[in-house]
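Listed here are the chains, written in short residue letters.
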Amino acid sequence: METDTDYSVSVPMQFEQLTRELKVKVCTGLPSPETFQFLFDYLSEKARSMQYWRGGKQTTKEAPQPPSPFQLATGFTKGRPGPERKLRLEQEFLLTLMKLRLALLTIDLGFRFHVSATTVSSIFITWIKLMSKELSVLIVWPSRQQVKKTLPCCFRKLYPKVRCIIDCFECFTETPSGLDLAATLWSEYKHHYTFKVLVAITPNGAISYVSSCYGGRASDVFIVRNSGFLNMIEPYDEIMADRGFKIREDLMMHMATLCIPPSCASSMQMLPHDIRETSNIANVRIYVEQAIGRLKVFLLLKNELPISLLPLADDIVRVCCALCNLLPPLCI
């Protein structure tokens, strides 16, 4: 009888052991084995010639050497700078996805793949850098015509001019030891150490923009102004957000408009029209929450990110956003 852990510890983990589609989703976050194979085929050519991370000083000293035709054909890497590969490229790709999806400890991954924790770290850092660069093509800012062409019915009726929906999400980090870093990461909203990212999604739920990571103390408005998001805006665009994004004047400078729920004074009741407007916006803004929920399927973003991985936060978030864009649309 097949069990959830039907692989033997005497054999290094391989993709072939994920015999069912459910296991692929659970272990990698990808929707199917075909998606895994498509991504691996896309990345493998660059991966064969990449230089593995072995620490800042060692890596920058060594100039990568182009592989021979034999190495390209077989994946055999003898003669390249640094130690030979202990795993096949497909295993390294699987290891990286499992780290993102399951947030496994390096010791655990080393046990599963029969390599040292140091090798796991080197593989993960190297592949995350590669994937961040190569998969950025999956995060596309579509033209206004493309957005209108794929506009879901619920937007066509009430908000036909919406170009994107924006929101910030926060990811927990471990407690930093340095006081300066701790002050930067502390979030009064979450009462925890976090980093914050601005994302924009199209009306059908695809992630169309992702900012760099900011410390949890940064406000939503500061990130919008500082991240370069406003440079993406075109005249007559409509940007949907929640009440915390007080950026109406910023958008006016780009001849764009802000669509947020109406607010009222604390001593006054909302008018029936405002209640309907708040409900309508909430009904369509839910898709940005669902898109962020997809990102949090990757437990490395849902759990506390180790401080040692904080320098990779931009790359990790970008890779997870790109992988989420391989999923079906949230709204049609």
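Since the model is a prediction, treat every value here as computed from it, not as a measurement. (Residues numbered from 1 in each chain as written. Predicted model: local features only at pLDDT ≥ 70, side-chain atom pairs only at ≥ 80, totals over all residues. Heavy atoms only, no water.)

Looking at this structure, I do not really get the packing of helix α5 (residues 89-102) against helix α6 (residues 106-113). What am I missing?
Describing two packed helices takes the angle between their axes plus the distance from one axis to the other. Close contact between α5 and α6 brings their axes to 11 Å; oriented N to C, the two are set at 145 degrees. In this structure, the crossing between α5 and α6 has a hand that is right-handed. Mapping the contact onto sequence places Q91, L94, L95, M98 and K99 in α5 and T106, L109, R112 and F113 in α6. (Axes fitted to C-alpha atoms, helices over the stretch in contact; angles between N-to-C directions. Helix = DSSP H or I, 4+ residues; strand = E, 2+ residues; numbered from the N terminus. Left-handed = near helix turned anticlockwise from the far one by under 90°. Contact = heavy atoms within 4.5 Å.)

What's the story with the nonpolar core in this structure? I'm lost.
Inside soluble globular proteins, nonpolar side chains tend to come together where they are buried. Counting residues in hydrophobic clusters, the biggest one holds 76 residues, and the most contacted among them are F93, L100, F113, W127, F195, I316 and L323. Top element by residues in this core is helix α15 (residues 313-324). It accounts for nine residues. L323 has contacts with L30, L39, L97, L100, L135 and F298, leaving out every residue within four places of it along the chain. Of all hydrophobic cores here, the second largest spans 22 residues; its members include W141, C164, L230 and L258. (Core = buried A, V, L, I, M, F, W, Y, C linked by side-chain atoms within 4.5 Å. Buried < 20%, exposed > 50% of the residue type's maximum accessible area, 1.4 Å probe, protein only.)

How should I be thinking about the pairing of strand β1 (residues 162-172) in this particular structure?
A regular strand carries its side chains on alternate faces of the sheet. Counting buried residues along β1, ten of its eleven residues qualify, which places the element largely inside the surrounding structure. Sheet topology note: the β1/strand β6 (residues 238-240) ladder contains three bridges and is parallel. Counted as the bridge partner of I165 is M240 from β6. As paired strands, β1 and strand β3 (residues 192-201) are joined by eight bridges and run antiparallel to one another. By the bridge assignment for β3, F169 is matched with V197. (Pairing = 2+ DSSP bridges.)

Explain the confidence of the model for the chain to me, please; I cannot follow it from the model alone.
Close reading of the predicted structure is inappropriate where its pLDDT is low. Residue-level pLDDT values for the chain average 86, and 83% of them are 70 or greater. Segment residues 60-64: pLDDT under 50, and six contacts once partners within four positions in sequence are set aside and those in other chains are kept. When the criterion is pLDDT under 50, residues 68-82 qualifies, and its contacts beyond four places in sequence or with other chains add up to 24 contacts. (pLDDT = per-residue confidence, 0-100.)

Would you mind showing me how to read the environment of R318 here?
With respect to the helices and strands, R318 occurs in helix α15. We classify R318 as partly exposed; its relative accessible area is 25%. Expressed as a C-alpha distance, the spacing of R318 and S212, which sit 106 residues apart in the sequence, is 8.7 Å. Apart from the residues within four sequence positions on either side, R318 is in contact with S132, S136, I139 and V210.

In this structure, what is going on with unusual backbone geometry? I would like to understand it.
A negative phi holds for most residues other than glycine; trans holds for most peptide bonds. The backbone of A103 sits at a positive phi, close to 55 degrees, despite the residue not being glycine. A residue is classified by how much of its surface remains accessible, and A103, at 24% relative accessible area, is partly exposed. The phi dihedral of H114 is positive, around 60 degrees, even though this residue is not glycine. The exposure class assigned to H114 is partly exposed, which follows from its relative accessible area of 39%.

What's the story with α6 in this structure? I'm lost.
The set of residues buried in α6 consists of L109, G110 and F113. All buried residues of α6 lie within an arc of 105 degrees about the axis, which places them on one face of the element. Counted as exposed and oriented over 90 degrees from the buried face of α6: I107 and F111. Lining the buried residues of α6 we find α5 and α7 (117-134). (Arc of directions from axis to C-beta.)

Would you mind going over the pattern of salt bridges with me for this structure?
Pairs can form between side chains of opposite charge whenever their charged atoms are close. Tallied over the entire structure, the rule returns eleven salt bridges. The salt bridge partner of R88 is E90, with a shortest N-O separation of 3.7 Å. Exposure remark for E90: the relative accessible area of 10% places this residue in the buried category. With a closest N to O distance of 2.9 Å, R112 and D108 form a salt bridge. Of this pair, R112 and D108 both sit in helix α6, four residues apart, which is roughly one turn of that helix. (Salt bridge = Lys/Arg side-chain N within 4 Å of Asp/Glu carboxyl O.)

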